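Residues per chain, in single letters:
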Amino acid sequence: MAYKNLLITGSNGCVGQYLVDWFLKNTKFKLYLMVRDKNKLPRSIQKNKRIKLLVCDIRESYKYRKEISQVNYLIHTATAWGDPKRAYEVNIKAFEELLKMLEKNKLEKIIYFSTASILDEKTELMRESLIYGTEYIQTKYKCFERLKQSSF
């Protein structure tokens with residue numbers, strides 16, 4: 001039986017670490033974990049046979065093009081803030097490049113995380129987020145807008 005492949009970006013971040021733990025305990029997925037520093041992961045995670053580490057900044061994900069093309073599910077939690085140039089590169093450009101590496105015929109679902117309030121109660125984009133938000137919120141808004149318009 002072939003197991004499904006799940007890629008989690010930002011795997012050792014605030015949300016990512018809890019996702020890794022939950023998926024290891026509750027599924028049989030093979031986990032592809034994108035991390036900048038593997039040493040921030042517990043040894044048990046680093047040594048787990050169900051885990052493949054993709055050690056890179058998301059802006060360098062092209063280094064793992066082959067692995068990314070095998071992904072059935074993507075949970076995207078990686079993000080940047082505090083520097084408008086880096087926020088754009090990470091939150092929009094690198095995510096769009098990552099999407100291009102996915103094989104549409106294998107991909108089943110993308111879960112896009114944003115801790116910013118960019119959606120209203122009807123899950124529609126709030127224009128105020130783009131107008132008044134920080135560069136982090138603005139890039140999350142723009143990325144989500146582009147994602148909705150893409151072929152994924």
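Asker: Give a description of the environment of Lys-142 that names residues and reports values.
Answerer: Locating Lys-142 in the fold gives a position in helix α6 (residues 135–149). Considered as a pair, Lys-142 and Lys-109 are 33 residues apart in the sequence and their alpha carbons are 20 Å apart. Ignoring anything within four residues of it in the chain, the contact list for Lys-142 reads Ile-92 and Leu-130.

Asker: Hey, could you go over the pairing of strand β2 (residues 30–35) for me, with residue numbers and the actual values?
Answerer: With 5 of its 6 residues buried, β2 lies for the most part within the structure. Alignment of strand β1 (residues 5–9) against β2, held across 5 bridges, turns out to be parallel. If you follow Leu-6 over to β2, its bridge partner there is Leu-31. As for the winding sense of the linkage, the β-α-β connection from β1 through helix α1 (residues 16–26) to β2 is right-handed. Sheet topology places β2 next to strand β3 (residues 51–55); 5 bridges connect them, and they run parallel. When the bridges of β3 are listed, Val-35 appears paired with Val-55.

The rules we used
- Position numbers for residues start from 1 in each chain and track the written sequence from start to end.
- Side-chain atom pairs in this predicted model are given and counted only at pLDDT of 80 or more, local residue features only at pLDDT of at least 70, and totals for whole chains, interfaces and linings cover all residues.
- With hydrogens and water excluded, all non-hydrogen atoms of the structure serve as input to the side-chain values.
- Secondary structure elements follow DSSP: runs of H or I of four or more residues count as helices, runs of E of two or more count as strands, with numbering from the N terminus.
- Contacts are assigned to residue pairs with any non-hydrogen atoms lying within 4.5 Å of each other.
- Type-normalised accessible area, obtained with a 1.4 Å probe on protein chains alone, sets the label of each residue: buried when under 20%, exposed when over 50%, and partly exposed for intermediate values.
- Following DSSP output, two strands are said to pair if at least two bridges run between them.
- Every crossover in which the path from the first strand over the helix to the second runs clockwise, viewed with the strands pointing away from the viewer, is termed right-handed.

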